[in-house]
Amino acid sequence: MTNPKVFINPKSGSIRITGTVDMVDADGNLIETRENPKFCGCGQSKEKPLCDGSHKGLLEK
Ligand code: FES
């Protein structure tokens, strides 16, 4: 088993994690498990905490 890796895109702010990730609430309760999730770091996603690609509009300005 390899350790998950985190890639942060310095232009878009998106944060992609390779591997299996357990998403938990503030109490540590499992919400869901995802493979290779991509999180929003730009604040524009309508599906937070996940990236929905809305950052592309910011890059075009
Ligand atoms: S990083 Fe925010 S929508 Fe992609």
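So, here's what we can say about the structure. Since this is a predicted model, take the numbers as computed values, not measurements. (Residues numbered from 1 in each chain as written. Predicted model: local features only at pLDDT ≥ 70, side-chain atom pairs only at ≥ 80, totals over all residues. Heavy atoms only, no water.)

**Thoughts on the overall build of the protein**
Of the regular secondary structure elements, the protein holds one helix and five strands. Projecting the C-alpha coordinates of the protein onto the three principal axes gives extents of approximately 40 × 25 × 15 Å. Looking at the protein residue by residue over its 61 residues, the buried ones come to 21%. When contacts within the protein are restricted to residue pairs at least 6 apart in sequence, long-range pairs at least 24 apart make up 19% of them. Carbon and sulfur atoms provide 50% of the accessible area of the protein, an area that totals close to 4700 Å². In the protein, 9 side chains carry a positive charge and 8 a negative one; their mean positions are 12 Å apart. (Helix = DSSP H or I, 4+ residues; strand = E, 2+ residues; numbered from the N terminus. Buried < 20%, exposed > 50% of the residue type's maximum accessible area, 1.4 Å probe, protein only. Contact = heavy atoms within 4.5 Å. Areas by Shrake-Rupley, 256 points an atom, 1.4 Å probe, with all protein chains shown as cover. Lys, Arg positive; Asp, Glu negative; His and termini not counted. Charge placed at Lys NZ, Arg CZ, Asp CG, Glu CD.)

**Notes on the sheet that holds strand β5 (residues 38-39)**
On the basis of which strands lie adjacent, the open sheet formed by three strands has the order β1-β2-β5 and antiparallel pairing. At either margin of the open sheet sits one strand with a lone partner, and together these are β1 (5-8) and β5. Looking at chain direction, strand β2 (residues 15-18) and β5 are connected through two bridges and run antiparallel. Residue pairing in the sheet places R16 in a bridge with K38 of β5. (Pairing = 2+ DSSP bridges.)

**With respect to the nonpolar core**
Of all hydrophobic cores here, the largest spans five residues; its members are I17, V21, M23, F39 and L50. Residues contacting V21, with those up to four places away along its chain left out, are E32, T33, R34 and P37. (Core = buried A, V, L, I, M, F, W, Y, C linked by side-chain atoms within 4.5 Å.)

**What to know about the pattern of salt bridges**
Inspection of the entire model under this criterion finds one salt bridge. Among the salt bridges present, the one from E32 reaches R34, with a minimum N-O distance of 3.1 Å. Given the relative accessible area of 32%, E32 is considered partly exposed. (Salt bridge = Lys/Arg side-chain N within 4 Å of Asp/Glu carboxyl O.)

**So, the pairing of strand β3 (residues 20-24)**
Residues V21 and M23 of β3 are buried on one face, while the alternating residues T20, D22 and V24, pointing to the opposite face, are not. Bridge count between β3 and strand β4 (residues 30-35): five bridges; the pairing is antiparallel. Pairing of M23 across the sheet is with E32, part of β4. In textbook terms, the turn of a hairpin is the stretch between consecutive antiparallel strands, and for β3 and β4 this stretch comprises five residues, one of which, G28, has a positive phi near 85 degrees.

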